[in-house]
Amino acid sequence: MSELLSIAHLCDAMELLAPLDGAESWDRVGLHVGRRSDALSGPVLLTIDLTERVMAEAVGMGASAVVAYHPPIWNKLERLTDETVTERIVYQAVKGGIAIYSPHTALDACEGGITDWLCEGIAGFSHDQGVTADVRALRPQPDADPNQAMKVVTFVPADAAGQLRGALATAGAGRIGEYTVCSFASAGVGTFLGGDGTNPAVGEAGKLETVEEVRLEMVCSERALALAIETLRQFHPYEEPAIDVYQLVPTRKRAQGAGRRLVLDQPATLADIGTKLKAFLGRSRIKLAHAGRSDRAVRSVAVVPGAGAELLPVAVREGAEVFITGEMKHHEILAALHEGVGVVLAGHTNTERGFLPRLAEHLRGRMAGVEVKVSEMDRDPVEVLKD
């Protein structure tokens, strides 16, 4: 009998798709309940909301873990009784040995996650093709390499540059990905005038000196900065070396981050977009708010699953003509219309729940032998009365 996979394998499979560093800073993502070393001895159940009905479903099928998109534990728990819904759900999970994992905004931000899936419905492409139109994150995710948080710059005679470069590398500077001893050097001319009591390595005190020097630049982590500066002073031939330290701005991941800006290949009206989205989500109704004439054709569309009004100012700044999300408050809709941006509302969890079958495919592909199910009890709590 093959060895059972563990909760750690589930966490790894989830984070391969949706790295947790892509989540919003305010979010509660990751493993909420359970031990990473526990075995996945039963099915993994996927849900948007971990309600009591869904937890009963998990207990009934002998699930070993639940992946709940919305974090079930938001505020700190001071006790674990049956007095509140959250306490009852968590208690049942602990009692039944059921782990709980939540990806939330990490699953929104990642490439191939919920937001990209929603863009497929708007652009009209299939899963196999993906979205071939111009798609990028509304708020691109920082691509911060801790080894490149700072840059140390100094000016040194050319014949001493090699030794100084090597010394800085041993102190942790000059690391870029899998490469070490990375630096850049450019030639120039330095001048200095040593005062009384100085002992310049080149020239004489009290005399203006002109020296052929090399500007030596190396990236460095913030953690290693103090050691790098100490090492630089130790190995630099000058009594008082010139040292510049720059804090570097992280690069950005164009395809990852909050929301998406989608440029349609062909212009479409708000009604056309709403109709296509309604069919994609399998919903009976979609809400539209026109900004101007109803027959106006647009190409630039902002997409944010769930409740995305926070990104409306970003969408406006990026030139979006339509803002598509799950839900918005009345005054938020008016704010969009005031900016000339039409609105399409598909319902909060309606813009999320349809992704669960695709998430199940991903997990099955990464955890062979583990049964992955999509909850049958998870549903939109809001019912729409039909005509």
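Quick caveat, the model's predicted, so the values are computed rather than measured.

What counts and what doesn't
Residues numbered from 1 in each chain as written. Predicted model: local features only at pLDDT ≥ 70, side-chain atom pairs only at ≥ 80, totals over all residues. Heavy atoms only, no water. Helix = DSSP H or I, 4+ residues; strand = E, 2+ residues; numbered from the N terminus. Rg over C-alpha atoms; globule rule 2.2 N^0.38 Å. Buried < 20%, exposed > 50% of the residue type's maximum accessible area, 1.4 Å probe, protein only. Contact = heavy atoms within 4.5 Å. Core = buried A, V, L, I, M, F, W, Y, C linked by side-chain atoms within 4.5 Å. Pairing = 2+ DSSP bridges. Axes fitted to C-alpha atoms, helices over the stretch in contact; angles between N-to-C directions. Phe/Tyr/Trp six-rings, centres within 6.5 Å; stacked < 30°, edge-to-face > 60°. Lys NZ or Arg CZ within 6 Å of the ring centre and 35° of its normal. Parallel < 35°, antiparallel > 145°, perpendicular 65-115°, else oblique. Nonpolar A, V, L, I, M, F, W, Y, C, P; charged D, E, K, R; others polar. Polar contact = N/O pair within 3.5 Å; in protein donor to acceptor, adjacent residues only side chain to side chain.

*Asks:* I'm lost on the overall build of the protein in this one. Help?
*Replies:* Each helix and strand counted, the protein has twelve helices and 15 strands in total. The C-alpha atoms of the protein give 28 Å as radius of gyration, which overshoots the globular expectation for 387 residues (21 Å, by more than 25%). Along the first, second and third principal axes, the C-alpha set of the protein runs to 95 × 60 × 40 Å. Relative to its 387 residues, the protein shows a buried fraction of 46%. The long-range fraction of contacts in the protein, counting pairs at least 24 apart against all pairs at least 6 apart in sequence, stands at 73%.

*Asks:* Looking at this structure, I do not really get the nonpolar core. What am I missing?
*Replies:* Note on soluble globular proteins: their nonpolar side chains tend to be buried together. The biggest cluster of nonpolar side chains holds 50 residues, and the ones touching the most others in it are V44 and L359. Membership of the second largest hydrophobic core comes to 18 residues, among which are L138, A289, V304 and I333.

*Asks:* Would you explain the sheet that holds strand β6 (residues 150-157) in this entry?
*Replies:* The strands making up a sheet associate through backbone hydrogen bonding, with each pair oriented either parallel or antiparallel. Judged by pairing direction, the sheet is antiparallel, and its four strands sit side by side in the order β7-β8-β6-β9 without closing on themselves. At either end of the open sheet lies a strand with only one pairing partner, and these are β7 (184-193) and β9 (243-247). Direction aside, neighbouring strands of the sheet carry axes that sit 30° apart on average. Where β7 lies against strand β8 (residues 208-220), ten bridges are found, and the strand directions are antiparallel.

*Asks:* How should I be thinking about the packing of aromatic side chains in this particular structure?
*Replies:* In this description, a pair of aromatic rings is defined by centroid distance and the angle of the planes. Scanning all chains against the criterion turns up four aromatic pairs. Ring centres 6.3 Å apart and planes at 65° place the aromatic pair W117 and F355 in the edge-to-face group. Placement of W117 in helix α5 (residues 114-123) and of F355 in the loop between α11 (350-353) and α12 (356-366) is noted, with a sequence separation of 238 residues between them. Assigned by exposure class, W117 and F355 land together as buried. Through pairs of rings, three or more aromatic residues link up here, namely W117, F280 and F355. R28 extends its terminal NZ or CZ atom over the ring of W74, reaching a point 4.5 Å from the ring centre.

*Asks:* Quick question: what am I supposed to make of the sheet that holds strand β3 (residues 65-68) here?
*Replies:* Read across the sheet, five strands follow the order β1-β4-β3-β2-β15 without closing on themselves; strand pairing throughout is mixed. Two strands bound the open sheet, and with one partner strand each, they are β1 (30-33) and β15 (372-374). Ignoring which end each strand starts from, the neighbouring axes of this sheet average 25° apart. Taken strand by strand, α12 contacts β2 (44-47), β3 and β15, and its axis lies near 180° from that of β15.

*Asks:* Would you take a moment to explain the packing of helix α2 (residues 52-60) against helix α3 (residues 85-95) for this structure?
*Replies:* Packed helix pairs are characterised by how far apart their axes lie and by the angle those axes make with each other. Contact geometry of α2 with α3 gives a least axis separation of 10 Å together with a crossing angle of 10°. Here α2 is positioned roughly parallel relative to α3, judged by the angle of their axes. In this structure, α2 uses E52, M55 and V59 to contact α3, whose residues at the interface are V85, R88, I89, Q92 and A93. Residue composition of the contact of α2 with α3, by class: five nonpolar, one polar and two charged.

*Asks:* Explanation requested: the side chain of T47 in the structure shown.
*Replies:* Tracing the backbone through its elements, the reader meets T47 in strand β2. Under the relative-accessibility criterion, T47 is labelled buried at 0%. From its side chain, T47 meets the backbone oxygen of D49 in a polar contact 2.8 Å long. Contact partners of T47, with chain neighbours within four places excluded, come to V54, V66, V67, A68, Y69, L356, S375 and D378.

In short, geometric facts, not functional conclusions.
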